[in-house]
Amino acid sequence: MVRNLPIGGVPSANEIWIPLGKRTEILLGSPDVIHSFWVPPLAGKMDAIPGRVNRLILEPTEVGVFNGACAEFCGTAHAQMGFRVVVVPETEFTEYVRAQAQPAAVPESEGLDLFIRNGCAACHAIRGTPPDGVVGPDLTHLASRRTIGAGIVPTTVENIADFVASPDHFKPGIEMPAVDCH
């Protein structure tokens, strides 16, 4: 998981938002095995190699949501390793980055306490709260993402609960333990 973002960058998972018509540099690296970043409508394939940073330039010419995939066999859940590149007008991109940079708005409920008590904070961060794990994705604005689990299912309350209760069912080989949240 890369946490050393450029100034103004915001962490996310499985979604990369970029502005229409602007050159955007994607830095590709891997903590473990070779992956291959591929978004056919936007760019050719480029590998993410452990111990190395490769640079890919995207300059989108149309607004849209473009599906990407890892095009290099990388492990048990390889077939489920997807992501999306969301191309929006520059003003919408600027607003998105501003909103994503904000800490979490945590409602008064037992949710955060359960998150911490069940050990989720050991791997996941929620900016603006005590959980600051770095192994799993940053979950600060999870509900704003279109999908969860590397693009496997749409983000809904039910899908989040099902994924947390049985992550291996969705992504074979995932290291995340199951947590009963039903």
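Structure: above.
What comes next concerns the included structure.

A separate point is the sheet that holds strand 6 (residues 64-70). As summarised here, the arrangement of the five strands in space is 1-7-6-3-4, forming an open sheet in which the pairing is mixed. Bordering the open sheet on either side are strand 1 (15-19) and strand 4 (46-48), each of which pairs with just one other strand. The mean inter-strand angle of the sheet, taken between neighbouring strand axes irrespective of direction, is 25°. Where strand 1 and strand 7 (residues 82-88) come together, five bridges link them in parallel fashion. Opposite Ile18, over in strand 7, you have Val87 as the bridge partner. With respect to the sheet, helix 1 (residues 90-101) is in contact with strand 1 and strand 7, its orientation differing from that of strand 1 by roughly 135°.

Moving on, we get to the pattern of salt bridges. Scanning the entire structure with this criterion turns up six salt bridges. The shortest N-O distance in the salt bridge between Glu90 and Lys22 comes to 3.5 Å. With a gap of 68 residues between them, Glu90 in helix 1 and Lys22 in the loop between strand 1 and strand 2 (24-28) connect regions that are remote in the sequence. For Glu90, a relative accessible area of 42% translates into the label partly exposed. Between Glu59 and Arg23 there is a salt bridge; the shortest N-O distance is 3.7 Å. Residue Glu59 is found in the loop between strand 5 (54-58) and strand 6, and its partner Arg23 is found in the loop between strand 1 and strand 2; the two are separated by 36 residues along the sequence. With relative accessibility at 44%, the residue Glu59 sits in the partly exposed group. Residue classification places Arg23 among the exposed residues on the basis of a relative accessible area of 59%.

Position of His124 among the secondary structure elements: in the loop between helix 2 (111-117) and strand 8 (147-148). When residues no more than four places from it in sequence are discounted, the contact partners of His124 are Phe115, Pro131, Asp132, Gly133, Gly136, Pro137, Leu139 and Met176.

Attention now goes to the nonpolar core. Within the largest apolar cluster, 13 residues are counted, with the highest numbers of intra-cluster contacts made by Ile26, Leu28, Phe37, Val39, Leu56, Leu58 and Val85. Counting residues per element, the ones that place at least two in this core are strand 2, strand 5 and strand 7. Those residues within four positions of Ile26 in sequence are excluded, and the remaining contacts are Ile16, Phe37, Asn54, Arg55, Leu56 and Leu58. Ala104, Ile126, Leu139 and Ile148 belong to the second-largest nonpolar core, a separate cluster that totals 11 residues.

We now examine the packing of aromatic side chains. For the structure on display, the rule yields three aromatic pairs. Taking 3.9 Å as the distance between ring centres and 5° as the angle between the ring planes, the aromatic pair formed by Trp17 and Tyr96 counts as stacked. One end of the pair, Trp17, is in strand 1; the other, Tyr96, is in helix 1, and 79 residues separate them in sequence. The residues Trp17 and Tyr96 share a single accessibility class, namely buried. With a centroid separation of 4.7 Å and an interplanar angle of 20°, the aromatic rings of Phe37 and Phe83 are classed as stacked.

Take the pairing of strand 7 next. Most of strand 7 is tucked away: seven of the seven residues are buried. What you see with strand 7 is no split at all: Gly82, Arg84, Val86 and Val88 on one side and Phe83, Val85 and Val87 on the other are buried throughout. The pairing of strand 6 with strand 7 spans six bridges and is antiparallel. The partner of Ala69 across the bridge, within strand 7, is Gly82.

Definitions and cut-offs
- Residues numbered from 1 in each chain as written.
- Predicted model: local features only at pLDDT ≥ 70, side-chain atom pairs only at ≥ 80, totals over all residues.
- Heavy atoms only, no water.
- Pairing = 2+ DSSP bridges.
- Helix = DSSP H or I, 4+ residues; strand = E, 2+ residues; numbered from the N terminus.
- Axes fitted to C-alpha atoms, helices over the stretch in contact; angles between N-to-C directions.
- Contact = heavy atoms within 4.5 Å.
- Salt bridge = Lys/Arg side-chain N within 4 Å of Asp/Glu carboxyl O.
- Buried < 20%, exposed > 50% of the residue type's maximum accessible area, 1.4 Å probe, protein only.
- Core = buried A, V, L, I, M, F, W, Y, C linked by side-chain atoms within 4.5 Å.
- Phe/Tyr/Trp six-rings, centres within 6.5 Å; stacked < 30°, edge-to-face > 60°.

Don't take any of this as a statement about function, it's just geometry.
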